[in-house]
Amino acid sequence: MTYDLNTEQIKVEERLIEVGNTHRIDVFTYRAASAPAAGAPLYVFLHGGGFTAGTERIYHNQMRFIAEKAHAVVVFPDYRLAPEAPFPAGIEDCVATIAWAHDYAAELGADPEKIMVGGDSAGGALTCACILEDKEHYIKRAYLLFPSCDSRDYRTLTDYTWSFDSYPVVDEDKELAYSRIDRIRNAMHDTAESSIYIQGKTTLDDPLVSANCASDEQLSAFPPITVASCEYDFLRVGSEHFARRLAHLGKEVRPVRYCGCDHGFLDLFGTEPQAEEVCLDMADEVARL
């Protein structure tokens, strides 16, 4: 597979920004040469990695591709990671990045009224947390890609049910399909105390950790949002429940399911066609701002 990416047409910069007068974090910006000189749409992307891993190098080509296709500016923070920096450190860094992108939009050649925030996996959870913390309503649109919307023990849920019955598959393919689902499911038995990310600093039903635990009032403040899931991802059931809640509240929500895919396929950009497809979809959403 090949993808169209003219690296000479993307300006990439790395800079340090202040967070809360206590520390600084790396922020990468990607600006397409095709973006307008002023007033370009702006996409803040929050990476996945279970709140403990992830780096700009993994997402470098995806971010350049989105910037080029959306004729936009993309901002990518290297937020602090657990275990050294547990909850809510990553949220604080991401909230600060969004505020910085808003305040310095003119310098970036972007429009502060055209900000979309999105992320994959843990980055989806961080996106929801940032929306919940967005008292200034900087975020005009959001994009969740195979997001973690629920960190509670799936075996004790009462508001919805997780089971393998949610994944229709013929008998001869069950071993393969279930192994893909179990790749994430087997890591979802943490308590708040045993979680490397939370470390007992809050509870698993904190809406900043599990967006499915947000109240109807909190969800009513959400901007238009895309919730993109993978057919064979343990997190699909929780994220689709989240999308249904938003829809029930009358919010503008667009659910998308990538059939045949499992968790983390964005990492396969340049190899798996769905990775390019979802980047194009994100770019389309940014361009709509």
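Our structure is the block above this text.
In this report, the structure presented in the accompanying data block is examined. (Residues numbered from 1 in each chain as written. Predicted model: local features only at pLDDT ≥ 70, side-chain atom pairs only at ≥ 80, totals over all residues. Heavy atoms only, no water.)

## A short note on the layout of surface pockets
Thought 1: Considered as a void within the structure, the largest pocket measures approximately 630 Å³ in volume.
Thought 2: Forming the walls of the largest pocket are 30 residues, and the residues nearest its centre are Gly49, Gly50, Phe51, Ser121 and Met188.
Thought 3: Looking at the lining of the largest pocket, the elements that each hand over two or more residues are helix H1 (56-70) and helix H5 (174-185).
Thought 4: Each residue belonging to the lining of the largest pocket can be placed in one class, and the counts come to 14 nonpolar, twelve polar and four charged. (1 Å grid on protein atoms, 1.4 Å probe; cavity = no way out; pocket = protein on both sides within 12 Å on 5 of 7 lines; lining within 4 Å. Points joined across faces, edges and corners; volume = space filled by probe spheres on them. Helix = DSSP H or I, 4+ residues; strand = E, 2+ residues; numbered from the N terminus. Nonpolar A, V, L, I, M, F, W, Y, C, P; charged D, E, K, R; others polar.)

## Topic: the nonpolar core
Thought 1: The biggest cluster of nonpolar side chains holds 88 residues, and the ones touching the most others in it are Phe242 and Met282.
Thought 2: In this structure Met282 touches Tyr43, Phe45, Ile66, Met116, Tyr143, Leu145 and Leu266, once residues within four positions along its chain are discounted.
Thought 3: Within the second largest apolar cluster, 14 residues are counted, among which are Ala177, Tyr232, Phe234 and Leu235. (Core = buried A, V, L, I, M, F, W, Y, C linked by side-chain atoms within 4.5 Å. Buried < 20%, exposed > 50% of the residue type's maximum accessible area, 1.4 Å probe, protein only. Contact = heavy atoms within 4.5 Å.)

## Some thoughts on H1
Thought 1: Given a rise of 1.5 Å per residue, 15 residues ought to cover 21 Å, and the 19 Å separating the end C-alpha atoms of H1 matches this to within 8%.
Thought 2: When the local axis directions of H1 are compared, the greatest deviation, roughly 30°, occurs at Gln62.
Thought 3: Buried within H1 are the following residues: Glu56, Tyr59, Gln62, Met63, Arg64, Phe65, Ile66, Ala67, Glu68 and Ala70.
Thought 4: In the core, the buried residues of H1 are packed alongside strand E1 (10-19), strand E2 (23-32), strand E3 (40-46), strand E4 (73-77), strand E5 (110-120) and helix H8 (273-287).
Thought 5: Backbone geometry just downstream of H1 places His71 in the positive-phi region, at approximately 55°. (Expected span 1.5 Å × (residues − 1). Bend = angle between axes of the 7 residues up to and from the residue.)

## Topic: the environment of Val209
Thought 1: Tracing the backbone through its elements, the reader meets Val209 in the loop between H5 and helix H6 (216-219).
Thought 2: Separated by 189 residues in the primary sequence, Val209 and Gly20 place their C-alpha atoms 21 Å from one another.
Thought 3: Discounting chain neighbours no more than four positions away, the residues touching Val209 are Phe87, Ala125, Ser151, Ile198, Thr202, Thr203 and Leu204.

## Some points on the pattern of salt bridges
Thought 1: What the rule picks out here adds up to 22 salt bridges.
Thought 2: A salt bridge links Glu113 to Lys140, with the nearest nitrogen and oxygen atoms 3.6 Å apart. Of this pair, Glu113 sits in strand E5 while Lys140 sits in the loop between helix H4 (122-133) and strand E6 (141-145); the two residues are 27 residues apart in sequence, bridging distant segments of the chain.
Thought 3: Given a relative accessible area of 48%, Glu113 falls into the partly exposed group.
Thought 4: Note on Lys140: relative accessible area 32%, which makes it partly exposed.
Thought 5: Close ionic contact of Asp150 with Arg152 constitutes a salt bridge, the shortest N to O distance being 2.7 Å.
Thought 6: Look at Arg152 and you get buried, because its relative accessible area is 18%.
Thought 7: Here the residues in one salt-bridge network are Arg141, Glu252, Arg254, Asp281, Glu285 and Arg288, joined through shared partners. (Salt bridge = Lys/Arg side-chain N within 4 Å of Asp/Glu carboxyl O.)

## Details of empty space enclosed by the protein
Thought 1: Applying the stated criterion to the full structure yields one cavity of 30 Å³ or more.
Thought 2: Of the pockets and cavities examined, the largest cavity occupies roughly 100 Å³.
Thought 3: What lines the largest cavity is a set of 13 residues, and nearest its centre among them are Asp150, Tyr160, Phe234, Leu235 and Gly238.

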